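Observations on the model geometry
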Amino acid sequence: MTAVIWSIAGSDNSGGAGIQADLQTISQLGALAPLHLCTLVTAVTAQGPAGLIACQSVDVRLLQQQAQSLLPEHAPAVIKTGLLCNPQQLDWVIGLVQQLKQQNPQLLVVCDPVKQCSSGGELSELQPQHWQRFWPYVDVLTPNLPELQYLSSQTNPATAADWLLQQGVKAVLIKGGHSDSALAQDQLRINPAFRYRGFPAYPQQVTLASPKLAGNRHGTGCVLSAALAGALAQGFALEDAFVLAKVYIQQGIQQAVQLGNYCHNGHRAVDASSTLPQLHCAVPAQPLSFPPLSAPLGLYLVLPDYATLALAVAAGAKTVQLRLKQQTDVELRRQISAAITLCRQHQVQLFINDHWQLAIELGAYGVHLGQEDVDQANLQAIAHAGLRLGLSCHGLYKLLRAEQLQPSYLAIGAVFATQTKDMSGKLQGLDKLPLYRQLFRQRPLVAIGGITPQNAAAVLSTGIRHLALVSAFVQAEYKPAFVRQLQQLIEEFPHAD
Ligand SMILES: Cc1ncc(COP(=O)(O)OP(=O)(O)O)c(N)n1
Ligand SMILES: Cc1nc(C(=O)O)sc1CCOP(=O)(O)O
Ligand SMILES: [Mg+2]
């Protein structure tokens, strides 16, 4: 389904910022999942290398007519506000958002509080006190550093953002482009109580960095906010939308369009040649190194006990995981030990889920951890012992976080609904898998969650090359045929690259 975004912003005749930047950004992001941008123009500006020449605001009656003409067929999933020129326009936007949020509580509002144009020149008459009434309706505010300071009267960016969160904004994305640091560092700060569309609790703070390039690009702020709005409309969780927006802006900055003295942000679809940003804090003080896999994961059977694991090995499985959940300490040790011995005999890659201490002590081939477990586990000890490491990921942010630990593989899930585990709010569907595969192409990536022989080809057609599953194997009547059929499908699947 095509998601509709409304951009309520000014026209930049030079083509780099405002409505024009939003249109280009949403058009490029639309390559991932269908998007449609509707525009409600708040002002017509004349600007260029010489600065701002004119800014003519649009009357609120015309804004109202622009909105009315779109409803109900073009109702927005996300509204992005850019330049709002005066208190009348802001009041009108507040009324509109109140009404639309009542009709659709899932509606998200991304507010880019544009004040000046990048070549200088005031665009908006709004004062900090005017914005106050809008804050409770704003889901994500995306100020640059001068705007943040202006809106909050605070000089420290973190304190300023937290003050805005107290005023009712749900999340603040601080755009760090104006800082004098060597990195372009953007930080998302989220109100811990913020929930939408059933997504689970967020990280409360995410900082992403990319190398800073010399010179100013016109329109970067608008593009980052538009990319965030687009990714939210596509159904990405907020922290994942932030990662995607950062990838987009980073490559737009690298591929800037230089016209004389004026440099516009560039636009290019996110694909396999895109570069990932650095996630702050996720990298351990000393780089870890986990051995690569000895063989491709291929069909990866995740098994609830040793007896089922033995059936999997007898059926010809070459990659298995022992996922013990309820067993006593004695039973854990017995089953893990027996699984290690059996898998060694049959040259099967065996991963132990959760119980990394026993896996080290008993000499397993590898360990699989959820990201919730990573903070508790001693990754240094796992790496030192020479065990492979697999990490569960539930979206772009977690993939990035896991990738920085350089594990032996990444697991992405849940692709489909599953009875095996509560994965509510973490379903990926098929649409996002090609993006994950392209961005994390250096690392083996296995998909998990609700995978069966009936839907396996659909998962493989996204570019994913390895499939993990639990219940389809446990329930399979004739296990050797089940294993053979899926192994053959995976090995012989005609991937495009
Ligand atoms: C291959 C694979 N992917 C994901 C998981 C889930 O692991 P985790 O997040 O640790 O959750 P539990 O399995 O412990 O419930 C997995 N086990 N294997
Ligand atoms: C154990 C597990 N982890 C998941 C994740 O996404 O991290 S989904 C999942 C359940 C997979 O079981 P089934 O194949 O029966 O659906
Ligand atoms: Mg686990």
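Residues numbered from 1 in each chain as written. Chains lettered and ligands numbered in written order. Predicted model: local features only at pLDDT ≥ 70, side-chain atom pairs only at ≥ 80, totals over all residues. Heavy atoms only, no water.

Per an unreviewed UniProt entry, the protein carries the name Thiamine-phosphate synthase and comes from Rheinheimera marina. What UniProt states about the protein under its Pathway (unreviewed entry) heading is, verbatim, "Cofactor biosynthesis; thiamine diphosphate biosynthesis; thiamine phosphate from 4-amino-2-methyl-5-diphosphomethylpyrimidine and 4-methyl-5-(2-phosphoethyl)-thiazole: step 1/1." The record held by UniProt for the protein lists under Function (unreviewed entry) the comment "Condenses 4-methyl-5-(beta-hydroxyethyl)thiazole monophosphate (THZ-P) and 2-methyl-4-amino-5-hydroxymethyl pyrimidine pyrophosphate (HMP-PP) to form thiamine monophosphate (TMP)." (UniProt positions renumbered as here; feature names shortened; annotations may be inferred.)

Bringing the site of ligand 2 into the picture now. What surrounds ligand 2 is a group of 14 residues, the closest being Thr418, Thr420, Gly450, Val470 and Ser471. Take alanine 414: an N or O atom from its main chain is 3.3 Å from an oxygen atom of ligand 2. Take glycine 450: an N or O atom from its main chain is 2.7 Å from an oxygen atom of ligand 2. Computed on the free molecule, ligand 2 has an accessible area of 420 Å², of which 96% lies beneath the protein chains in the complex. Per-class residue counts for the shell around ligand 2 are 5 nonpolar, 7 polar and 2 charged. (Near = heavy atom within 4 Å. Polar contact = N/O pair within 3.5 Å; in protein donor to acceptor, adjacent residues only side chain to side chain. Areas by Shrake-Rupley, 256 points an atom, 1.4 Å probe, with all protein chains shown as cover. Nonpolar A, V, L, I, M, F, W, Y, C, P; charged D, E, K, R; others polar.)

Now for the site of ligand 1. Lining the immediate surroundings of ligand 1 are 15 residues, of which Gln321, Arg323, Lys325, Ser392 and Lys421 lie closest. Interatomic distance of 2.9 Å between a side-chain N/O atom of asparagine 353 and an oxygen atom of ligand 1. In this structure, an oxygen atom belonging to ligand 1 sits 2.5 Å away from a side-chain N or O atom of lysine 421. Contact with the protein chains hides 92% of the accessible area of ligand 1, taken as 420 Å² for the molecule alone. Partitioned by chemical class, the residues of the shell around ligand 1 number 5 nonpolar, 5 polar and 5 charged.

Turning our eyes to something else, we now look at the domain arrangement of the protein. Split into domains, the protein comes out as domain 1 (3–279) and domain 2 (299–492). Centre-to-centre, using C-alpha coordinates, domain 1 lies 39 Å away from domain 2. At the interface, 24 residues of domain 1 touch 19 residues of domain 2. Taken together, the two surfaces of domain 1 and domain 2 that pack against each other cover about 1,700 Å², and 70% of this comes from carbon and sulfur. A per-residue breakdown of the area domain 1 buries against domain 2 is headed by Ala272, Leu276 and Leu279, which together make up 32% of the total. Linking domain 1 with domain 2 are 4 residue pairs in polar contact (both at pLDDT 80 or more). Elements with a contribution of two residues or more to the side of domain 1 that touches domain 2: strand S9 (205–211), helix H8 (238–254) and strand S12 (278–279). Ranked by residues supplied to the side of domain 1 that touches domain 2, first place goes to H8 with 5 residues. Looking at the side of domain 1 that touches domain 2 residue by residue, the class counts come to 15 nonpolar, 6 polar and 3 charged. (Domains from an automatic or database assignment. Contact = heavy atoms within 4.5 Å. Buried area = accessible area lost by both parts, 1.4 Å probe. Helix = DSSP H or I, 4+ residues; strand = E, 2+ residues; numbered from the N terminus.)

With that settled, consider the environment of threonine 142. Mapping threonine 142 onto the fold places it in the loop between strand S6 (140–141) and helix H5 (145–152). The sequence separation of threonine 142 and alanine 171 amounts to 29 residues, and the corresponding C-alpha distance is 8.7 Å. When sequence neighbours within four positions are dropped, the list of residues in contact with threonine 142 reads Val110, Cys111, Asp112, Pro113, Glu147, Leu173, Lys175, Ser225 and Leu228.

This part takes up unusual backbone geometry. Here leucine 71 and proline 72 are connected by a cis peptide whose omega angle stands at 0°. Cis geometry marks the peptide bond from glycine 413 to alanine 414, where omega comes out at -10°. You can see alanine 414 is positioned in the loop between strand S18 (409–412) and helix H15 (433–439). The phi dihedral of serine 153 is positive, around 55°, even though this residue is not glycine. With relative accessibility at 67%, the residue serine 153 sits in the exposed group. (Buried < 20%, exposed > 50% of the residue type's maximum accessible area, 1.4 Å probe, protein only.)

So, about the environment of phenylalanine 440. Note on placement: phenylalanine 440 falls in the loop between H15 and strand S19 (445–448). When its relative accessible area of 2% is taken as the criterion, phenylalanine 440 is described as buried. Those residues in contact with phenylalanine 440, other than ones at most four positions away along the chain, are Leu276, Leu396, Leu399, Leu400, Glu403 and Leu410.

Here the focus is the UniProt feature "domain: Thiamine phosphate synthase/TenI" (unreviewed entry) in the protein. Here, UniProt's "domain: Thiamine phosphate synthase/TenI" (unreviewed entry) annotation points to residues 307–472. Secondary structure within residues 307–472 divides into 39% helix and 19% strand; the distance between the first and last C-alpha atoms comes to 16 Å.

On the protein side, the magnesium ion (ligand 3) has Asn353 (OD1) and Asp354 (OD) as donor atoms, found 1.9 to 2.7 Å from it. Look at asparagine 353 and you get buried, because its relative accessible area is 6%. (Donors = N, O, S within 2.8 Å, 3.2 Å for Na, K, Ca; no water.)

This next bit is on the sheet that holds S18. With parallel pairing, the 8 strands of this closed barrel are ordered in space as S13-S14-S15-S16-S17-S18-S19-S20. Ignoring strand direction, the axes of neighbouring strands in this sheet form an average angle of 25°. Pairing of strand S17 (residues 388–393) with S18, which is carried by 4 bridges, proceeds in the parallel orientation. Bridging from a neighbouring strand, leucine 391 pairs with leucine 410 of S18. Sitting on the sheet, helix H18 (residues 479–492) is in contact with strand S13 (299–303) and strand S20 (466–469), with an inclination near 140° to S13. (Pairing = 2+ DSSP bridges. Axes fitted to C-alpha atoms, helices over the stretch in contact; angles between N-to-C directions.)

Right, let's talk about the packing of helix H2 (residues 60–68) against helix H3 (residues 87–103) for a bit. For the pair H2 and H3, interaxial distance at closest approach is 10 Å and the crossing angle is 30°. Judged by the inter-axis angle, H2 sits roughly parallel to H3. Pair H2 / H3 crosses with right-handed handedness. Contact residues: H2 offers Val60, Leu63, Gln64 and Ala67, while H3 offers Gln88, Gln89, Trp92 and Leu96. (Parallel < 35°, antiparallel > 145°, perpendicular 65-115°, else oblique. Left-handed = near helix turned anticlockwise from the far one by under 90°.)

Bringing the pairing of strand S15 (residues 349–353) into the picture now. The side chains of a regular strand alternate, residue by residue, between the two faces of the sheet. When you tally the buried positions in S15, you get 5 out of 5 residues, the bulk of the element. With 4 bridges joining them, strand S14 (residues 319–322) and S15 adopt parallel strand pairing. Residue pairing for S15: leucine 322 is matched across the bridge by isoleucine 352. The parallel pair S14 and S15, bridged by helix H10 (residues 329–345), forms a crossover whose chirality is right-handed. Here S15 runs beside strand S16 (residues 366–369); their pairing, made up of 3 bridges, is parallel. Looking across to S16, one finds that isoleucine 352 is bridged to valine 367. In the classification by handedness, the crossover that spans S15, the intervening helix H11 (residues 356–362) and the parallel S16 is right-handed. (Right-handed = clockwise from strand over helix to strand, strands pointing away.)

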